[in-house]
Amino acid sequence: AYAGALPKADANANAQKLWSDGNDDDTYSLGVEIAQPLWRSGAIGAAIRYAKLYAVSTDFSIREQVQSTVYRVVQKYMTVLLDQHLVQVYEDANAVSERLLKTTRNRREQGTVSDYEVLRAGVEVANTKAALINANNALQSDIVSLFREMGVSQGSKVEFSGELAYSPEAYDLDSTSLKALRERPDIARAQAALFMAEENIKIANSSYGPKADAFASGDYSNRRSDDWNDEWIIGARATLSLFDGFERRGKVMAAVSKRDQAAEALRDIEDLAHVEVVDALLKLKHAEELYISQMKNLDLSKEALRILETGSSFGKNTQVEVLDARAALTQAMGTYYNAVYSHGLARLGIRRATGTLSPEDPMEELVVMPEPEQAVDP
């Protein structure tokens, strides 16, 4: 863009032969001209501002891609942490079910339980083992996906630190929406595009105005009496286009149309940002309600198992009831960790919707570490 404000230098060479009345004449010339733009009816300034806005727009595009990468990496990292929790849940459940199967077989030999209870205990072992295999497969698959997103070797040895934990957060819709309008890079990029379109209209309109240049030119030729002579000219010139077949009018109309499109695109992105903020807040609210309900469900499942195990030791409850309670607790724990995971994703989604994700954000802020009293004992 700055090239439009800088001087231009051109060199030329010319050779020609002229036949006239049986005579021929050879003419040669060498020339150079330097021209400095003085006035372009505002086109030069508009072009420089357009270029600066384009550079800013590119920076916002990069920032948008960086935020998307941060979101995907953190989301996949949280998925790996969830898988680790589920693997631990099913490992513990499988170990307990195998112990219960052994105990049930011993009681069957003593005649205190039925064959059905032995079969039911065997089914529970098979179920927990299948769930453990699926959880391990999901963990390995999600690790591969995480490494691919991070761009690191699949042979990398990584220890995944931290645990999923519930961290309540409160947001106000109006302030969160305003924050998104201020921080989101796609909105800033759309605003830059609108300003660029405004500058483009100025560039198109400048073609209706005059152009002025200062110039200096030199010529060395044999045009006069076959003698070589040099000639220098210094001056200024101004031009004004009177009619160009409506080309300028068409360019201005096109520039105005692009400005209107950019304005509509900005409004669409602002509306989209508001919708995404509302959606993120609704997901957070749903995740909080789900977490609270699953915490209660987990407590109830633990208490039910405790009561049945106590009753079984006194012969009041059967081994089948204990197995059913144990299976219900395993399912409740899996649902609990999924609820924590959903809440973490909802928190992350709000940051993405407001455009505040950054690679400098500490991982412990994006993936909350649990407080001691929040830890769940399998």
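Residues numbered from 1 in each chain as written. Predicted model: local features only at pLDDT ≥ 70, side-chain atom pairs only at ≥ 80, totals over all residues. Heavy atoms only, no water.

Novice: If you had to explain the confidence of the model for the protein chain to someone new, which residues and values would you point to?
Specialist: Confidence in the prediction of the protein chain, expressed as mean pLDDT, is 89, and 97% of residues score 70 or more. The secondary structure element of the protein chain with the lowest average pLDDT is helix 7 (residues 363-366), at 76, and the one with the highest is helix 4 (residues 185-205), at 95. Scored below 50 in pLDDT, residues 369-378 shows 18 contacts in the model against residues more than four places distant or in partner chains. (pLDDT = per-residue confidence, 0-100. Helix = DSSP H or I, 4+ residues; strand = E, 2+ residues; numbered from the N terminus. Contact = heavy atoms within 4.5 Å.)

Novice: How would you sum up the packing of helix 1 (residues 43-110) against helix 2 (residues 115-150)? Please name residues and give values.
Specialist: It is the contact of helix 1 with helix 2, at a shortest axis distance of 8 Å, that shows an interaxial angle of 160°. The angle between the axes of helix 1 and helix 2 places the two elements in the roughly antiparallel class. Crossing angle aside, the handedness with which helix 1 passes helix 2 is left-handed. (Axes fitted to C-alpha atoms, helices over the stretch in contact; angles between N-to-C directions. Parallel < 35°, antiparallel > 145°, perpendicular 65-115°, else oblique. Left-handed = near helix turned anticlockwise from the far one by under 90°.)

Novice: Mind laying out the pattern of salt bridges, listing which residues take part and the relevant values?
Specialist: Counted according to the given criterion, the structure contains 23 salt bridges. Linking R326 and E309 is a salt bridge whose minimum nitrogen-to-oxygen distance equals 4.0 Å. Here E309 lies in helix 5 (residues 247-313) and R326 lies in helix 6 (residues 319-354), a separation of 17 residues in the sequence. Looking at R326, the relative accessible area reads 14%, which means it is buried. Residue classification places E309 among the partly exposed positions, given a relative accessible area of 38%. Bridged by salt links that share partners, the residues R49, E199 and K202 form one connected network. (Salt bridge = Lys/Arg side-chain N within 4 Å of Asp/Glu carboxyl O. Buried < 20%, exposed > 50% of the residue type's maximum accessible area, 1.4 Å probe, protein only.)

Novice: Lay out the packing of helix 1 against helix 4 with the relevant residues and their values.
Specialist: Contact geometry of helix 1 with helix 4 gives a least axis separation of 8 Å together with a crossing angle of 165°. With respect to their mutual orientation, helix 1 and helix 4 come out roughly antiparallel. Considering the relative orientation of helix 1 and helix 4, their crossing is left-handed. Its residues placed into classes, the contact of helix 1 with helix 4 shows 13 nonpolar, 4 polar and 7 charged. (Nonpolar A, V, L, I, M, F, W, Y, C, P; charged D, E, K, R; others polar.)

Novice: Describe the environment of G218, listing the residues and the values that go with them.
Specialist: Inspection of the secondary structure puts G218 in strand 3 (residues 211-224). Taking the C-alpha atoms as reference points, G218 and A11, 207 residues apart in sequence, are found 9.5 Å from one another. Not counting the four nearest positions on each side in its chain, G218 is found in contact with L30, G31, V32, E231 and W232.

Novice: Can you lay out helix 4 for me, pointing to particular residues and giving the numbers?
Specialist: Here helix 4 spans 30 Å end to end across 21 residues, near enough to the 30 Å set by a 1.5 Å rise per residue. All of the buried residues in helix 4 are P185, D186, I187, A188, A190, A192, L194, M196, A197, E199, I201 and A204. Those residues of helix 4 that are buried are in contact with helix 1, helix 3 (173-183) and helix 5. (Expected span 1.5 Å × (residues − 1).)

Novice: Before we move on, could you go through the side chain of S57 and cite the residues and values that matter?
Specialist: Structurally, S57 is set in helix 1. In this view, S57 contacts R189, A192 and M196; residues no more than four positions away in its chain are not counted.

Novice: Give a description of the nonpolar core that names residues and reports values.
Specialist: Judged by nonpolar contacts, the single largest core of 38 residues is most densely connected at V74, M78, F160, L164, L348 and V367. Broken down by secondary-structure element, the contributors of at least two residues to this core are helix 1, helix 2, helix 5 and helix 6. Element by element, the count of residues in this core is highest for helix 1, at 12 residues. When near neighbours in sequence (up to four residues on either side) are disregarded, V74 contacts L348, L366 and V367. (Core = buried A, V, L, I, M, F, W, Y, C linked by side-chain atoms within 4.5 Å.)

Novice: I'd like a rundown of helix 5, residues and numbers included.
Specialist: Between its first and last C-alpha atoms helix 5 spans 96 Å; for 67 residues at 1.5 Å apiece the expected length is 99 Å, and the two agree. Directly beyond the C-terminal end of helix 5, a positive phi value near 80° is found at G315.

Novice: A description of the packing of aromatic side chains should follow, citing residues and the corresponding values.
Specialist: The geometry of an aromatic ring pair comes down to the distance between the two centres and the angle between the two planes. Under the definition given, this model contains 7 aromatic pairs. Centre to centre, the rings of Y166 and Y291 are 3.9 Å apart; their planes meet at 5°, and the pair counts as stacked. With Y166 in the loop between helix 2 and helix 3 and Y291 in helix 5, this pair connects stretches of sequence that are 125 residues apart. The buried category is assigned to Y291, whose relative accessible area is 9%. Residues F243 and F246 carry aromatic rings whose centres are separated by 5.3 Å and whose planes lie at 85° to one another, so their mutual orientation is edge-to-face. Note on accessibility: F243 and F246 belong to one class, exposed. Here the aromatic residues Y166, Y291, Y336 and Y337 are joined through ring pairs into a cluster of three or more. Between the NZ or CZ atom of R237 and the centre of the ring of F215, over which it lies, the distance is 4.6 Å. Over the aromatic face of Y71 sits the side chain of R352, whose NZ or CZ is 4.3 Å from the ring centroid. (Phe/Tyr/Trp six-rings, centres within 6.5 Å; stacked < 30°, edge-to-face > 60°. Lys NZ or Arg CZ within 6 Å of the ring centre and 35° of its normal.)

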